[in-house]
Amino acid sequence: MNQRDGSDILVIGAGVAGASAALRLADAGRRVTVLARTALEDSASNQAMGGIAAAIGPDDAPALHLADTLAAGGELCRESTVRGVVERAPDAIEWLLDQGAAFDRRDGALDLTREGGHSRRRVVHAADTTGRAVMQALLRRLRAHPGITLLEQHAAVDLLVEPEPGAPGARACRGAQVLDLERGLLRTLHADHVVLATGGASGIYAISTNRSRPVGDGIALAWRAGCRVADLEMMQFHPTALRHPGAEGWLVTEAVRGEGGRLLLPDGERFMHRYDARGELAPRDVVARAIHTEMAAHKLEYVLLDISHAGAGFIRTHFPNTLEHCLAVGIDITREPIPVAPAAHYTCGGVVTGGAGQTDVAGLYAIGETAWTGLHGANRLASNSLLEGLVYGEAVTAAILADVPRGPARPGAGG
Ligand code: SIN
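Calculation criteria
Residues numbered from 1 in each chain as written. Predicted model: local features only at pLDDT ≥ 70, side-chain atom pairs only at ≥ 80, totals over all residues. Heavy atoms only, no water. Helix = DSSP H or I, 4+ residues; strand = E, 2+ residues; numbered from the N terminus. Rg over C-alpha atoms; globule rule 2.2 N^0.38 Å. Buried < 20%, exposed > 50% of the residue type's maximum accessible area, 1.4 Å probe, protein only. Contact = heavy atoms within 4.5 Å. Areas by Shrake-Rupley, 256 points an atom, 1.4 Å probe, with all protein chains shown as cover. Near = heavy atom within 4 Å. Polar contact = N/O pair within 3.5 Å; in protein donor to acceptor, adjacent residues only side chain to side chain. Nonpolar A, V, L, I, M, F, W, Y, C, P; charged D, E, K, R; others polar. Pairing = 2+ DSSP bridges. Axes fitted to C-alpha atoms, helices over the stretch in contact; angles between N-to-C directions. pLDDT = per-residue confidence, 0-100. Patch = residues over 30% accessible without salt bridge, like charges linked within 9 Å, V, L, I, M, F, W, Y side chains within 5 Å. Salt bridge = Lys/Arg side-chain N within 4 Å of Asp/Glu carboxyl O. Lys, Arg positive; Asp, Glu negative; His and termini not counted. Charge placed at Lys NZ, Arg CZ, Asp CG, Glu CD. Phe/Tyr/Trp six-rings, centres within 6.5 Å; stacked < 30°, edge-to-face > 60°. Core = buried A, V, L, I, M, F, W, Y, C linked by side-chain atoms within 4.5 Å.

Caption draft 1: Molecular detail of the overall build of the chain. If you tally the helices and strands in the chain, you get eleven helices and 19 strands. Against the compact-globule benchmark of 22 Å for 415 residues, the chain has a radius of gyration of 21 Å, which places it among compact chains. With respect to the principal axes defined by its C-alpha atoms, the chain has extents near 70 × 45 × 40 Å. Here the chain, with 415 residues, has 60% of them falling under the buried criterion. A sequence separation of at least 24 residues applies to 71% of the contacts in the chain between residues at least 6 apart. By element, 52% of the accessible surface of the chain is carried by carbon and sulfur atoms, the whole surface being about 16,000 Å².

Caption draft 2: Main features of the site of the ligand. In the vicinity of the ligand, the contacting residues are Met49, Gly50, His238, Leu251, Thr253, Glu254, Arg284, His345, Arg380, Ala382 and Ser383. Measuring from an oxygen atom of the ligand, one finds a backbone N or O atom of serine 383 at 2.7 Å. In the complex, the protein chains occlude 97% of the 260 Å² of accessible area that the ligand would expose alone. Of the residues that constitute the shell around the ligand, the class distribution is three nonpolar, five polar and three charged.

Caption draft 3: Highlighting the sheet that holds strand S12 (residues 229–230). What the three strands build is an open sheet, ordered S12-S17-S19; its pairing is mixed. Either end of the sheet is taken by a strand with one partner, and the two such strands are S12 and strand S19 (371–372). Where strand S17 (residues 350–352) meets S19, two bridges bridge the pair, whose relative direction is parallel. From the neighbouring strand, valine 351 faces S19, where its bridge partner is alanine 371. Taken strand by strand, helix H6 (residues 217–224) contacts S12 and S17, and its axis lies near 35 degrees from that of S17.

Caption draft 4: Main features of the confidence of the model for the chain. Across the chain, the average pLDDT comes to 94, with 96% of residues at 70 or higher. Within the model, pLDDT remains below 50 along residues 410–415, and this stretch shows 14 contacts once partners closer than five positions in the same chain are excluded.

Caption draft 5: Structural view of the sheet that holds strand S6 (residues 112–113). Spatially, S3-S7-S6 is the arrangement adopted by the three strands of the open sheet, whose pairing is antiparallel. Each end of this open sheet is capped by a strand with a single partner; those strands are strand S3 (52–53) and S6. Pairing of S3 with strand S7 (residues 123–124), which is carried by two bridges, proceeds in the antiparallel orientation. Bridging from a neighbouring strand, alanine 53 pairs with valine 123 of S7.

Caption draft 6: Just a negative patch on the surface, in detail. On the surface, Asp91, Glu94, Asp98 and Glu394 cluster together into a negatively charged patch. Within the secondary structure, glutamate 94 sits in helix H4 (residues 79–99).

Caption draft 7: Examining the pattern of salt bridges more closely. Going through the model one piece at a time under the given rule, you end up with 24 salt bridges. Between arginine 83 and glutamate 79 there is a salt bridge, with its nearest N and O atoms 3.1 Å apart. Within this pair, arginine 83 and its partner glutamate 79 are both found in helix H4, separated by four residues, close to a single helical turn. Judged by its relative accessible area of 38%, glutamate 79 falls in the partly exposed class. Between glutamate 152 and arginine 143 there is a salt bridge whose closest N-O contact spans 3.7 Å. Each of Glu41, Arg143 and Glu152 takes part in salt bridges that share partners, so that together they form one network.

Caption draft 8: Seen up close, a nonpolar patch on the surface. Among the surface-exposed residues, Ile204, Tyr205, Val215 and Phe237 lie close enough to one another that they form a single nonpolar patch of about 360 Å² accessible area. Of note, isoleucine 204 is situated in the loop between strand S11 (185–196) and H6. When its relative accessible area of 56% is taken as the criterion, isoleucine 204 is described as exposed.

Caption draft 9: Molecular detail of the packing of aromatic side chains. One pass over the full model with this rule turns up three aromatic pairs. Taken together, a centroid distance of 6.5 Å and an interplanar angle of 85 degrees make the contact between phenylalanine 271 and tyrosine 275 edge-to-face. For phenylalanine 271, a relative accessible area of 0% gives the class buried. Between phenylalanine 314 and phenylalanine 319, the ring centres sit 6.4 Å apart and the planes meet at 65 degrees, which makes this aromatic pair edge-to-face. Looking at phenylalanine 319, the relative accessible area reads 2%, which means it is buried.

Caption draft 10: Local environment of the pairing of strand S13 (residues 235–242). Of all eight residues that make up S13, seven are buried, and the element is covered over most of its length. As paired elements, S13 and strand S16 (residues 338–347) share six bridges and run antiparallel to each other. Within S16, the residue paired with histidine 238 across the bridge is alanine 343.

Caption draft 11: Region of the structure containing the nonpolar core. One finds Ile52, Leu96, Phe103 and Leu138 to be the most contacted residues of the largest nonpolar core, which totals 58 residues. The element best represented in this core is helix H11 (residues 385–402), accounting for nine residues. Once you skip the residues sitting within four places of it in the chain, leucine 138 turns out to touch Val16, Ala19, Ser20, Leu23, Trp95, Leu96 and Gln99. Among the nonpolar cores identified, the runner-up in size contains 31 residues, and Ala247, Val286, Ala290 and Val340 belong to it.

Following this line, the structure appears as structure tokens:
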């Protein structure tokens, strides 16, 4: 344990990956500092709508979730990673329920919705605000935990990296330099272990579904510290972001298509069947490319997504957030279609990590969207992102608890 301004563990980022790792580590008796660049409620996880994929339905099995993930990933996934994640998905849901997360139920059982690329209904959700439901439960515990220090409006600007004693050529991370964004002050925080959970880089695109506009800061910190990164060109574009002045990029959840939403040209023609036999339920990359092709061919600013045939009652129950948000910009989705276009959504690549978030630098870990684990390949399967954050939140905890404390950092150690 460090004696100076520090904790056992510094977690940089407070989305689902960072929060779940911090809680598990603090529950195991470690002193944890959690850093958030914004207010805690502004993480990308908090904005997630669709849900969390887990093979828990009576007609489902992890092997089917595995096959769907590999197919969506364009054969670029690492199969052993995918297998490990999908097998741990049901336990991740149980852990969230234990933390107090409330999901939609039908006849007492968890209600499962469907999204593109999934061959079964397997998406656990809380209407169309699943991320908010998950993060409310985790943040409630995070705020109350005596072992956790929360620093909101703080950004890591550099990692403290020094030679690893007794390991020629190796380097170890011993903390970070952080900027207090409200007061403009730099602080040095020492820690035995540093976990990067800063999200991805979709905010570098003109239109992103991610309102916190992540710019890949954690990925850049790790790269500068000497870590490998991979597949950063694999930026996922979500097919259906709202295209409307003042609400550009607002995500219209994939579950709208999962529950029968139809993609239309302005004259009412459905077009997805011309691109894929699964129609609107093809994986995200296929649907985004099809929309892009149609927009280019017909010189359109957007295509239309129509769910009005599902009925006002169904829409109010399943998509209250989407209904409210569209109404605020003058679109009543119970009666008319939604103008949509693809927008940057998710960074499939990231910092190269091992089975428990370890990077190339000792004591430095990366989890969630910051990391490359091999789960997503070229295109992430819908609702595998919160899942990945939860599974690696647990895995990194086990790795850190099994590792030896490194002792106090040397004064002046820097990246
Ligand atoms: C969505 O609800 O469409 C987004 C969920 C995800 O990115 O997996």
